[in-house]
Structure formats: structure tokens, C-alpha cells
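Chain residues, written in single-letter form:
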Amino acid sequence: MDCRESALLVSVLFLALDLCSAQNYVLSDDGGLGRVFDGIGGLSGGGATSRLLVSYAEPYRSQILDFLFKPNFGASLHILKVEIGGDAQTTDGTEPSHMHHENDENYYRGYEWWLMKEAKKRNPNITLIGLPWAFPGWVGHGKNWPYDYPDVTATYVVNWILGAKQYHDLDIQYVGVSTESMSLSPKVLRNMLDKVGLPGVGIIAADGDWSVANSMILDPYLKNSVDVIGAHYPGTTTITEALKTQKKLWSSEDYSTFNNEVGGGCWARILNQNYVNGQMTATISWNLVASYYEDLPFGRDGLMTAEEPWSGNYVVESPIWITAHTTQFTQPGWTYLQTVGHLAQGGSYIALTDGKGNLTVVIETMTHNHSVCIRPPLPPFNVTSQNATFQLKGSFASIKELQVWRSQFDFKTSKASFFEKLKPLKLVDGSFTLNLAEDEVYTLTTISTGSKGSYPDPPPSAPFPKVYKDDFDVRSPPFSEAPYFADQTGVFEYYINLTDPGPHVFTLRQVLTERPITWATDADQTISVIGDYYWQNLTVTCDVFMEKMNAGGVFIAARVDKGGQSIRSAKGVFFWVFADGTYKVTNDLVGETVLAEGQSGTEVYGWYTLSLTVKGQYASGSLNGYPLWKNAVVLTPKAGWAAIGTRSFELAQFDNFALVAE
């Protein structure tokens, strides 16, 4: 025997030993099936997470939507959950309500209607869900609590569902009742839905944690009212009481993790293990697409990133392709096999069937440090490379070939490959063996229609333009909000001022007159930010119009350093004028740190042009082209957004907004 023969023999022996060491896993329906699969989805809202998406020009906006919703192209999502706008700050901004006031109904505000229609256009079978995070102030009848009058609150929610159908031909399949709103009671909501002819709209409760399960066990009427028990960030586990209800169990809000490769690893792990560990049959990502200013809270916590409508740039991040491993080869209504579980050396596998002979298996081997989600804390575990042999039995025993798709994370060389189609796998006696490395995702399926969609590269990333202006002169605006403005407290909408025959017919108006009800921390002032968070030196100019007598006030601002749930503590340079004829310059939104103040002569129902220039450590301001104050010393913050806003929840108008940054 020569050296080559010896080497060959050794190789064969090692291969034999390697295969012998493979752990065996059976995939079978002989003992029955598991739970019915309800889908994988994304969440727009909670809040204002899709704000910048609507401002993308074509073809880029449609391309982004295709990557999210188009079947057999990208994420191919089964579910879209949206915020029922409540006029309040709910994480990254405010979303307008369909009922600012009790006698006000408008089902064209905001962009969630548009988004649902675009999703439905691409996937007519997509499941649509609505959930209120906040409510207009009138719902609480003077209290910061919307549930003392459950019929009022239920009517408000049901009106949104009816409006979706009447004005947009959208059928909402589920509505969430949050943990905070359990005193609304799913029973009240169920009665009202049935009363108005919506018995098919299911209720998700408590859309927060599993605690509603205990109440459902004790209250049969409550149990009959609830279709799905939904938990947020469950850490892939459920509780015994939830399982005892025999209701659908969903992770109705999950992920919320920066969408780099660790975020992709988090998503891969929980998509499998939410079912393996917790029997959850749907998982919904917060958020759908990171389409808000990145320096707001939870920047880039979406399945993909689309935060630059001014440049057209967007990024198809790894979670899109991790989603595709399941969504492109299953559909809601498929059923999990009972034979799912953990791999011997770490990782997990799931298997689903359509009951017609098709089978899809998804395997993940994500290691601990490469799959950490933002919440909850992840207990330690180990994953090592391994061989796994899968034996198909029952109705799957005759399958001869499986399509193979693979994603390989690479945290050492950054040469990852996602959703790569490999050669079909030939089965021998219904069996196949895989050599599984760490941080991989495999799909093995009888479905042959999967594809990795693509478009030519979008334009390169670019900062917000240093010279920008908007006269709000839009006669038929496609959306109620002006491009790029991100409302952080209050709601700023296009407005037609029919009482002004002059140059201010088309304006932007802050429309809220009372504080909304929200779990987040709205400011006492309204504010909408715009621009580049890293701007230091800039000039902001805007025409302003106060509509509140005596105590009314408006501002323009630069270097605003906070937004989202932190908006109340925002610092910056705020140039205010008031209806009582005074002005003030403050270093904070709340107006406690005064840099300058004096007489302005400003009054209600008059247009004024404000201009604010900040350069280095100094700021100056003018009124109607004349210097009003100058050289106010600004030590901090060093940079931030531009902004407009009002002193309180009051009507006010803005026009001819312009900024020039250095």
C-alpha cells in the first residue's frame, strides 16, 4: 500500500467515523402534527417607524416595499401590524389619529393606510393587524387614562377598523388589546365588533405579556372573546397557563434589535425557538423597516434600513434574508410537525407541512454572542459545529430531493453569505446528513419557488441636504405630513388657510389642542424635528402664525439633541415668540434655561418671519428681517436637528420653512 492509498483509507475512515458520530433526528407526522403556523410579520408604528419611507422617490420606494412584502423576492412577509395612530409620542414620534376630536373622523391621515394597501397589492393574502399605543386626549374625558369609559374607547378602535374597509377596502383581521388596556376588556370590544358586523375580526390580548391567560382560565366569557394570546419580547418562552387555554400563542412584538449581523442572528434564533420553546406560531418584528432618523431611540431596529429618502439610499440588511428562510417556503395555514426541537450541540430545527406532501425544514446554529437580542437577557448556552442526520418518516418517507438554501454569518472576516441557493439534496432512504457549522441557517424544502430578489444598487448614502426649503404649497398632498418632518410631540399637518387670500394659503399646522394619552413621555410643548443630527452651524428661517390668545407661543430651533421618548429633556437653541408681545431664547425645550428675552411686539393672528443663526458658541435671531437679539452664548449641545413647534397643545401655523447648514 503506497502513501496515497494510506491517505485515502484514512480519509474514508475519518468520514465513516464522522457520519457515525452524527446525531439522528426524525421528522415525521406519524404521531400527528403540532400547531398551525400563523406567519411572520413586521410592525409599522409604535411609533412613527415608517415616517421617512413615504418620502422616497420612485423607483426606490417600490423597491423597498418589494423587499418587504413581495412573495418569493425578499422577506415575503405574511403579516403587517400597524399602529392605530393616537396623536402621541409612542417611541420615535407621533402618528396622527383618525379622530383628533370626538366629532372628527378622517381616514386619510398618516401613512399606515397607504402602507397596508401597498402590502396588500404585493401579497393579497397578507394578514393585517391594528393596535393602539396611545389615544387622543378626549377619549379619557379629562384624565390621562383611556379606559374609564370602555364603550368610548372600543368605539374609537372599531371606527378605525370600519374606516379601513369603507375608505381603503382593507380588511383588518386582528386588533390588539394592550396590557394597559385590559380594563377596556376584550369582552366589551368583542361585543362591539359583533354588533357592527365584524365577527371575523379576531382579538389579540394582552399584546404585552402572558398574564391574561390566568384571567382567561377563570373567565370563560373572556376566553371566548380572545382569539390570540400575544406577548412582547417573550424570550422564546411561554407559561403553562397560556398553553392550557389552547389558544393561538404569538410573539406579537419581538426583535427590536440593531440590524447588523448580530441582529440577524437574534432574528434567526427566535424565529425558530419561539415555536420550539414557546409554541408561538407567529412572530412579528418591531420594527418593519428602520425608516426614521437613526439618532432617535432604537435607531436601525428594523428588518431593513430606509432612512435617507433625500438620497434614495436604502440597505437590505441580514434580517430580510433570515426571514426569507421561513416565509418563502411556508404559508399561514401550514402546520408544524411535532418533531421539532434543539440540536444536540446547540441550535434548533423546525419543520412544517402544508398537508399536501410538502415539507420545509429550517435549521439554525446561532451562537450566544452572535444572536443576542436587545431584550430580554439571554441566558448562556453553547453551540458547536456538528453533524446532523435527519430521517424522514410517515408521509414524508418517499421524498427523494430537497431544495437547499443557506445563510452563513461570518463574524471574523465579515464575508457573510445570505440566502444562497445550493444544489438540491438527494435523499437516500428518506435520510440526509448535514455538516452544520456555527452561525448558520439552512432551509431544506420541497418548495421550488424561492428566489433571492435584487435590484440595481440604490444611490449612495448622503447626508441631509445642507440647503433645504419647503413652502408647503401642496394642493393635494398624498400624505398629511410634510416630507422629512418627524413629529415628536403634537401633530403637524398640511393645512389650507381659506381665510388668508395672501401668500399663506397653504401652510403646515399644529392641530392638537389637548394632551394625548400615552405611556411614553410627551413634552408639554409640541415639536417636529428635521435635518441632520450632526449639524452644528446653521440658519433656520420660518414664517409663523399664532392662533391662541394671550398664552400662545411658537418657536424655531437648532441643535435639538433628543427625540422620541426623551423629547421632554431635549436641549438646543429655541427661539420663541409669544402672543403677549414677548420673545425668549432658551437652551432647552421646557424653557427653563433662558439665554435671552425681551419685547417682540408679536400678536395672535399675525404672520411673522423668524430667523435663527447658530455658529460656534453664539446664536442670534431676527424678526421680520430685523435683528431682535444676538450673541447669546451656547455652550451645549454642540449639534442637533432643526425644529419647529409650539408653547403648548395649541393651534399654530408655519410656512416658508428654510434652513442653511455649514
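What you see is a predicted model; the values in this text were computed from it and never measured.

Student: Would you mind going over the overall build of the protein chain with me for this structure?
Tutor: If you tally the helices and strands in the protein chain, you get 10 helices and 36 strands. The C-alpha atoms of the protein chain give 28 Å as radius of gyration, which agrees with the globular expectation for 662 residues (26 Å, within 12%). Projected onto the principal axes, the alpha-carbon positions of the protein chain cover approximately 100 × 65 × 40 Å. Across the protein chain, every contact between residues at least 6 apart in sequence was considered, and the portion connecting residues at least 24 apart equals 72%. Approximately 25,200 Å² of the protein chain is accessible, and the part contributed by carbon and sulfur atoms is 52%. Taking the average location of the 48 positive side-chain charges in the protein chain and that of its 69 negative ones, the two points are 3 Å from each other.

Student: Is there a simple way to think about a nonpolar patch on the surface in this case?
Tutor: Taken together, the side chains of Tyr618, Val633 and Leu635 define a hydrophobic patch exposed on the protein surface, amounting to about 290 Å² of accessible area. Relative to the helices and strands, Tyr618 resides in strand S33 (residues 618-623). Note on Tyr618: relative accessible area 45%, which makes it partly exposed.

Student: What's the story with the sheet that holds strand S17 (residues 386-392) in this structure? I'm lost.
Tutor: Think of a sheet as strands paired side by side through backbone hydrogen bonds, with each pair either parallel or antiparallel. One open sheet holds the three strands; their spatial order is S1-S17-S20, and the pairing between them is mixed. The strands lining the two open edges of the sheet, one partner per strand, are strand S1 (23-27) and strand S20 (431-436). Direction aside, the axes of adjacent strands within the sheet are offset by 25 degrees on average. The pairing of S17 with S20 spans six bridges and is classified as antiparallel. Bridge assignment links Thr389 to a residue of S20, and that residue is Thr433.

Student: Honestly, the UniProt feature "active site" (unreviewed entry) in the protein chain in this entry has me stumped. Any pointers?
Tutor: Those residues carrying the UniProt feature "active site" (unreviewed entry) are Glu180 and Glu253 in this numbering. Looking at the element boundaries, Glu253 is found in strand S9 (residues 248-255). Judged by its relative accessible area of 8%, Glu253 falls in the buried class. Here Glu253 is in contact with Leu43, Trp133, Ala231, His232, Tyr233, Pro234, Ile284 and Trp286, once residues within four sequence places are set aside. Side-chain polar atoms of Glu253 contact the side chain of Tyr233, separated by 2.6 Å.

Student: Mind showing me how you'd approach the sheet that holds strand S23 (residues 486-489) here?
Tutor: Strand order in the open sheet formed by seven strands is S23-S26-S35-S28-S29-S30-S31, and the pairing between neighbours is antiparallel. Only two strands of the sheet have a single partner each, and these edge strands are S23 and strand S31 (594-599). Pairs of neighbouring strands in the sheet enclose a mean axial angle of 20 degrees, with direction left out of account. Sheet topology places strand S26 (residues 526-530) next to strand S35 (residues 641-646); five bridges connect them, and they run antiparallel. If you follow Val529 over to S35, its bridge partner there is Ala643.

Student: I keep staring at helix H9 (residues 261-276) and nothing clicks. Help me out?
Tutor: An α-helix turns once per 3.6 residues; consequently, residues spaced three or four apart project the same way. With 16 residues, H9 extends 23 Å between its outermost C-alpha atoms, agreeing within 8% with the 22 Å of an ideal straight helix rising 1.5 Å per residue. Considering bend angle alone, the principal kink of H9 is centred on Ile270 and spans about 25 degrees. With 14 of 16 residues buried, H9 is to be regarded as a mostly interior element. For H9, the N-terminal capping position is held by Asn260, with its side-chain oxygen 3.2 Å away from the main-chain nitrogen of Val262.

Student: I'm lost on the confidence of the model for the protein chain in this one. Help?
Tutor: The predicted coordinates ought not to be read in detail in places where the model reports low pLDDT. Scored by pLDDT, the protein chain has a mean of 95; 96% of the residues are at 70 or more. Below a pLDDT of 50 lies the segment residues 1-20, which in the model reaches five contacts outside its immediate sequence neighbourhood of four places, other chains included.

Student: What's the story with the nonpolar core in this structure? I'm lost.
Tutor: The tendency in soluble globular proteins is for nonpolar side chains to be buried as a group. Grouped together as the largest cluster of nonpolar side chains are 83 residues, with contacts concentrated most on Phe69, Leu80, Met116, Ile161, Val175, Leu189 and Leu193. Core analysis: the next-biggest nonpolar cluster, separate from the first, contains 77 residues, Ile284, Ala486, Leu612 and Trp641 among them.

Student: Help me understand helix H4 (residues 150-168) in this model?
Tutor: When the terminal C-alpha atoms of H4 are compared, their 27 Å separation across 19 residues agrees well with the 27 Å that a helix rising 1.5 Å per residue should span. Along H4, the residues classified as buried are Thr153, Ala154, Tyr156, Val157, Val158, Asn159, Trp160, Ile161, Gly163, Ala164 and His168. Of the surrounding secondary structure, the elements contacted by the buried residues of H4 are strand S4 (79-83), helix H3 (112-122), strand S5 (127-131), strand S6 (174-177) and helix H5 (186-195). Just past H4, the residue Asp169 takes up positive phi, approximately 55 degrees.

Student: How should I be thinking about the environment of Trp113 in this particular structure?
Tutor: Checked against the element boundaries, Trp113 lands in helix H3. The sequence separation of Trp113 and Tyr167 amounts to 54 residues, and the corresponding C-alpha distance is 9.3 Å. Not counting residues within four places of it along the chain, the set of residues in contact with Trp113 comprises Tyr107, Tyr108, Trp160, Ala164, His168 and Leu170.

Student: Could you clarify how one ought to interpret the pattern of salt bridges in this entry?
Tutor: Side chains bearing opposite charge may pair, as long as their charged atoms lie close to each other. Applying the stated criterion across every chain yields a total of 22 salt bridges. Residues Lys187 and Asp219 are paired through a salt bridge, measuring 2.8 Å at the closest nitrogen-oxygen approach. Placement of the pair is Lys187 in helix H5 and Asp219 in the loop between helix H6 (212-218) and helix H7 (220-225), with a sequence separation of 32 residues. Assessed through its relative accessible area of 22%, Asp219 is described here as partly exposed. The salt bridge partner of Asp227 is Arg190, with a shortest N-O separation of 3.8 Å. Of the two residues, Asp227 is situated in the loop between H7 and strand S8 (228-232) and Arg190 in helix H5; the sequence distance between them amounts to 37 residues. Owing to a relative accessible area of 33%, Asp227 belongs among the partly exposed residues under this scheme. Here the salt bridges do not stand alone but share partners, grouping Asp66, Glu118, Lys121 and Arg122 into one network.

Student: Help me understand the packing of H4 against H5 in this model?
Tutor: Between two packed helices, both the angle of their axes relative to each other and the distance between the axes serve to describe the pair. For the pair H4 and H5, interaxial distance at closest approach is 9 Å and the crossing angle is 50 degrees. Between H4 and H5, the crossing angle belongs to the class labelled oblique. Seen from above, H4 lies across H5 with right-handed handedness. Each of Pro150, Asp151, Ala154, Thr155, Val157, Val158 and Ile161 in H4 lies in contact with H5, whose residues at this interface are Val188, Leu189, Met192 and Leu193. For the contact of H4 with H5, the per-class residue count stands at nine nonpolar, one polar and one charged.

Rules behind the numbers
- Residues numbered from 1 in each chain as written.
- Predicted model: local features only at pLDDT ≥ 70, side-chain atom pairs only at ≥ 80, totals over all residues.
- Heavy atoms only, no water.
- Helix = DSSP H or I, 4+ residues; strand = E, 2+ residues; numbered from the N terminus.
- Rg over C-alpha atoms; globule rule 2.2 N^0.38 Å.
- Contact = heavy atoms within 4.5 Å.
- Areas by Shrake-Rupley, 256 points an atom, 1.4 Å probe, with all protein chains shown as cover.
- Lys, Arg positive; Asp, Glu negative; His and termini not counted.
- Charge placed at Lys NZ, Arg CZ, Asp CG, Glu CD.
- Patch = residues over 30% accessible without salt bridge, like charges linked within 9 Å, V, L, I, M, F, W, Y side chains within 5 Å.
- Salt bridge = Lys/Arg side-chain N within 4 Å of Asp/Glu carboxyl O.
- Buried < 20%, exposed > 50% of the residue type's maximum accessible area, 1.4 Å probe, protein only.
- Pairing = 2+ DSSP bridges.
- Axes fitted to C-alpha atoms, helices over the stretch in contact; angles between N-to-C directions.
- UniProt positions renumbered as here; feature names shortened; annotations may be inferred.
- Polar contact = N/O pair within 3.5 Å; in protein donor to acceptor, adjacent residues only side chain to side chain.
- Expected span 1.5 Å × (residues − 1).
- Bend = angle between axes of the 7 residues up to and from the residue.
- pLDDT = per-residue confidence, 0-100.
- Core = buried A, V, L, I, M, F, W, Y, C linked by side-chain atoms within 4.5 Å.
- Parallel < 35°, antiparallel > 145°, perpendicular 65-115°, else oblique.
- Left-handed = near helix turned anticlockwise from the far one by under 90°.
- Nonpolar A, V, L, I, M, F, W, Y, C, P; charged D, E, K, R; others polar.

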